[in-house]
Amino acid sequence: AGKVYLVAHNDTGHTGRSSDVIVYDENSGDVEIIPTDAHSAHNIYVRDGELMYCDSGRGRLIRGHEPIFEAEKLLRGLSITDDRIYVGGSEKNPDRGRRKLSDAGIYILDKTGDPLAQVQFPGVGDIYEIRQLHAFDYAMTASYAH
């Protein structure tokens, strides 16, 4: 038993309310709400108490409280291996119908957030998740069991 971290997206674009990180302590039952200034956040990774998440609406990847990567896309989908960070980028169009066939991509970053490469996927629509087939993914839910 330990802590469970959740992202409260809070539908910032419609509510005006920034996203929150909710921490549930399985031992005590305590709930802590950590406010962020993120616009419709997605994904969360925690290592040694430091948070990393996508500030999706602003196109930023946040580590701690600082952006380590920025793009002109909606960032969503996070995968972390021993030496790389992968983050998905989708078109920032509030019209979901128009995003269905939009261009998307995956940004490949080093562990500090510096871009190494980008893979483009023309006409595929939104990216929601990224998974690893040949490397361990620390951003997956039971990553500490590894």
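These numbers come from a predicted model, not from an experiment. Residue indices begin from 1 for each chain and proceed along its sequence in written order. Local features are withheld for residues below a pLDDT of 70 in this predicted model, meaning they are given only at 70 or higher, and side-chain atom pairs are given and counted only at 80 or more; totals for whole chains, interfaces and linings count all residues. As a rule here, side-chain values cover all heavy atoms of the structure and leave hydrogens and water aside.

(A) Fine view of the sheet that holds strand β5 (residues 50-55). Pairing between two strands requires that DSSP report at least two bridges joining them. Strands here mean DSSP runs of E at least two residues long; helices mean DSSP runs of H or I at least four residues long; both are numbered from the N terminus. In space, the 4 strands of this open sheet follow the order β4-β5-β6-β7, with antiparallel pairing throughout. Strands at the two margins of the open sheet, each flanked by one partner only, are β4 (42-47) and β7 (66-70). Across this sheet, the average inter-strand angle for adjacent strands is 20 degrees, counted without regard to direction. In the sheet, strand β6 (residues 60-63) pairs with β7 via 4 bridges, with the strands oriented antiparallel. Looking at the pairing, R60 lines up with E70 of β7. Axis geometry follows a simple rule: fit a line to the C-alpha atoms, using only the stretch in contact for helices, then measure angles between N-to-C directions, giving values from 0 to 180 degrees.

(B) Up close: the nonpolar core. Counting 16 residues, the largest nonpolar core has M52, L61, F69, L78, I80, I85 and V87 as its most contacted members. Counting residues per element, the ones that place at least two in this core are β5, β7, β8 (74-80), β9 (85-90) and β10 (104-109). Examining the composition of this core, we find that 3 residues originate from one element, β8, more than from any other. The residues contacting V87, other than those within four sequence positions of it, are C54, F69, L75, G77, L78, G105, I106, Y107, L109 and I130. Grouping buried Ala, Val, Leu, Ile, Met, Phe, Trp, Tyr and Cys residues that are joined through side-chain atoms within 4.5 Å yields what is termed a nonpolar core. Relative accessible area decides the class of each residue, using a 1.4 Å probe on protein chains only: under 20% of the type maximum gives buried, over 50% gives exposed, and in between gives partly exposed. In terms of nonpolar packing, the next biggest core, distinct from the first, is built from 10 residues, V23, A41, V46 and L51 among them. Residue contacts are defined here by distance: any two heavy atoms, one from each residue, within 4.5 Å place the two residues in contact.

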